[in-house]
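A look at the structure
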Amino acid sequence: MGASPLPFSTFLAVFLLFCFTTLSFFPETAHALTKHYKFDIKMQNVTRLCHTKSLVSVNGQFPGPRIAAREGDRLLIEVVNHVQDNISIHWHGIRQLRSGWADGPAYITQCPIQTGQSYVYNFTIVGQRGTLWWHAHISWLRSTVYGPIIILPKRGVPYPFVKPHKEVPIIFGEWFNTDTEAIISQALQTGGGPNVSDAYTINGLPGPLYNCSAKDTFKLKVKPGKTYLLRLINAALNDELFFSIANHTLTVVDVDAVYVKPFETETLLITPGQTSNVLLKTKSHYPNAKFFMIARPYATGQGTFDNSTVAGILEYEKPSHSSVSTGKLLLFKPVLPALNDTSFATNFTNKLRSLASAQFPANVPQKIDKQFFFTVGLGTIPCQSNQTCQGLTNTTKLQASINNVSFVMPTTALLQTQYSGKSNGFYTTDFPISPKNPFNYTGTPPNNTMVSNGTKVVVLPFNTSVELILQDTSILGAESHPLHLHGFSFYVVGQGFGNYDKNKDPAKFNLIDPIERNTVGVPSGGWVAIRFLADNPGVWFMHCHLEVHTSWGLKMAWIVLNGKLPNQKLLPPPSDLPKC
């Protein structure tokens, strides 16, 4: 007997019931969206400090445009290169689960996008919500090519804190009057330290404490008795920063797109690469005053740095029909810690704890498969013959290393060579798991400051649980190093000063509610211990987020092999993957 067609009204009812049932079983499908963005990389004239220069920008904006999405959304971002520089974009902190082709570091996961070429970054945001950011990931182009990534919770899922009246991205940067590509090129040629920036910026603006900058001041206008969520991002090239708002207390609720146990503070420390969401509760009544919001560096190294202060202004909206005087308002300025206040830095970072709740658990690896001990710090390499250099002596250049290996960038993308099985000649898998020649890392430095060079990686089987100790060295002076790991978030289970003691220090590790991050500051003259599960196949860069140290070689790469199941394997490269 043949089937007879359903009446249209009946068919429509059945169809709608099917759709509803399907979306009920797959709620992510009901809410997740595919969001499209286009980034045109082009030159733009920008004036700061009464100095106009042509800089590399995205869509003519400085800072660049905001990316906004929800947890679970897919992002398709087409990047078109109209400038003479090669370019690549890194989506800092996005885990890139099986989508390493979209991670962005040039010559690690992709060849850069050449002039006149384009590339579509294609990735999905999985298990993350909060604030991250994007930036150029080749040479020093991220000095002007950067912007915020705002990740909202899934629809219907509230914040684990009071809903804010308004959300405001605040991104710190550095302004250079001269071309940053010329600055780093000259420094690498001479072997000395690069010239420092001329100003810090808040949302691209230096503020009134710099000459010729009163009109270029970020102003945050607020209402009395409201709660504001400030999404803080440190996009500065080379400086960790203190930040404070005069006469106001901030509540930290999220770092690196991970919720934390809330705590109050008058001052924050935020290193390059890190983000932090804070709640600002405004005063209950119009205060008849203005308040500076300022940032300036936390500096621990021996080299020169930009010792200046960026300021924005917090302004209250005057209530309508108010009898408050409209005369000149008092302007309050906060007091920040001393430039080298490592005690404050330590106390602040020790307050950070994961929520470790049923909804937002802290899945800290309890059993460790592989342990690594990496020293991080500065050293030297010899000058080329018949060249006078500006390093430690006139016969040496400054260099940086991990376990005394200064990373040499390959000429094609490591991920591409690893995926194709044609890695011979591009990298070796003998990166040392600990220093070959142990010494008193934070004591009297050794006489030999020379480092070795190589493109060496660590290979990890899929699902390896890793414990990594990062130890600062005092070879050319102790210094804090913000280390960023691509492809993963990790748990900061311990930190301390002096040399790490493998017999005593693990007993003090926090394996209950340690903070989860993608960028961590290795303490000046100390160490930090992190743990992560290598459950993301691909090639993943790890480097200092002080750009000068990355340029000097303080970087390396991890290769995580495919797992046995289909959903544990890296997806194939896209057809438009840039070629070297």
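Starting afresh in each chain, residues are numbered from 1 along the sequence in its written order. Per-residue local features of the predicted model are confined to residues with pLDDT of at least 70, and side-chain atom pairs are confined, for both listing and counting, to 80 or more; whole-chain, interface and lining totals are unaffected and use all residues. For side-chain calculations, the full set of non-hydrogen atoms in the structure is used, while hydrogens and water are omitted.

1. Side note on the overall build of the protein chain
Using the following cut-off: Numbering of helices and strands starts at the N terminus; helices are DSSP runs of H or I of at least 4 residues and strands are runs of E of at least 2. In this analysis, two residues are considered to be in contact whenever any of their non-hydrogen atoms come within 4.5 Å of each other. Note that accessible areas follow from Shrake-Rupley with a 1.4 Å probe, and for residues the cover is restricted to the protein chains shown. Counted charges follow a simple rule, with Lys and Arg positive, Asp and Glu negative, and His plus the chain ends left uncounted. Where a charge sits is defined by one atom per residue type, namely NZ (Lys), CZ (Arg), CG (Asp) or CD (Glu).
The helix and strand tally for the protein chain stands at six helices and 33 strands. For the protein chain, the spread of C-alpha atoms along the three principal axes comes to 90 × 80 × 55 Å. Within the protein chain, contacts between residues at least 6 apart in sequence are counted, and of these 79% link residues at least 24 apart. For the protein chain, the accessible area works out to roughly 24700 Å², and carbon and sulfur atoms hold 53% of it. A distance of 5 Å separates the average location of the 47 positive side-chain charges in the protein chain from that of its 35 negative side-chain charges.

2. Observations concerning the UniProt feature "domain: Plastocyanin-like" (unreviewed entry) in the protein chain
Note the cut-off: UniProt positions are given in the numbering used here, feature names are shortened, and annotations may be inferred rather than shown by experiment.
If you check UniProt for "domain: Plastocyanin-like" (unreviewed entry), the listed places come out as residues 41-154, 167-318 and 432-562 in our numbering. Across residues 41-154, the secondary structure splits into 0% helix and 46% strand, with the terminal C-alpha atoms separated by 31 Å. Measuring from the first to the last C-alpha atom of residues 432-562 gives 22 Å, for a span that is 4% helix and 44% strand.

3. Looking at the sheet that holds strand 5 (residues 89-92)
For the record, the criterion: When DSSP locates at least two bridges between a pair of strands, those strands are taken to pair. All axes are obtained by fitting lines to C-alpha atoms, using only the stretch in contact for helices, and the reported angles, taken between N-to-C directions, cover 0 to 180 degrees.
Taken in spatial order, the four strands make up an open sheet running 3-8-7-5, and their pairing is mixed. Strands at the two margins of the open sheet, each flanked by one partner only, are strand 3 (67-70) and strand 5. Sheet twist, expressed as the mean angle between neighbouring strand axes with direction ignored, is 20°. Note that strand 7 (residues 130-136) and strand 8 (residues 146-152) share six bridges and pair antiparallel. Its bridge partner being in strand 8, Thr131 is matched across the sheet by Ile150.

4. Some points on unusual backbone geometry
A cis amide bond links Phe62 to the next residue, Pro63, at an omega of -10°. Locating Pro63 in the fold gives a position in the loop between strand 2 (51-58) and strand 3. The residue Asn203 is not glycine, and still its phi comes out positive at about 50°. Within the secondary structure, Asn203 sits in the loop between strand 10 (199-202) and strand 11 (219-222).

5. Structural notes on the state of the cysteines
As used here, a disulfide is simply a covalent bond connecting the sulfur atoms of two cysteines. The condition that has to hold: Here, two cysteine sulfur atoms that lie within 2.5 Å of each other are counted as a disulfide. For every residue, the accessible area (1.4 Å probe, protein chains only) is compared with the maximum for its type, and the residue is labelled buried under 20%, exposed over 50%, or partly exposed between those bounds.
One pass over the full model with this rule turns up three disulfides. A disulfide bridge connects Cys50 with Cys212, and the sulfur atoms are separated by 1.5 Å. In this structure the cystine formed by Cys50 and Cys212 twists about its S-S bond by roughly 45°; its chirality is therefore right-handed. With a gap of 162 residues between them, Cys50 in the loop between strand 1 (34-48) and strand 2 and Cys212 in the loop between strand 10 and strand 11 connect regions that are remote in the sequence. Overall, the relative accessible area of 57% leaves Cys50 in the exposed class. The residue that forms a disulfide with Cys111 is Cys580, at a sulfur-sulfur distance of 1.9 Å. The sign of the -100° torsion about the S-S bond sets the Cys111-Cys580 disulfide as left-handed. Taken together, the residues Cys111 in the loop between strand 5 and strand 6 (118-124) and Cys580 in the segment after strand 33 (555-560) connect sequence positions 469 residues apart. Cys111 sits in the buried class, given a relative accessible area of 0%.

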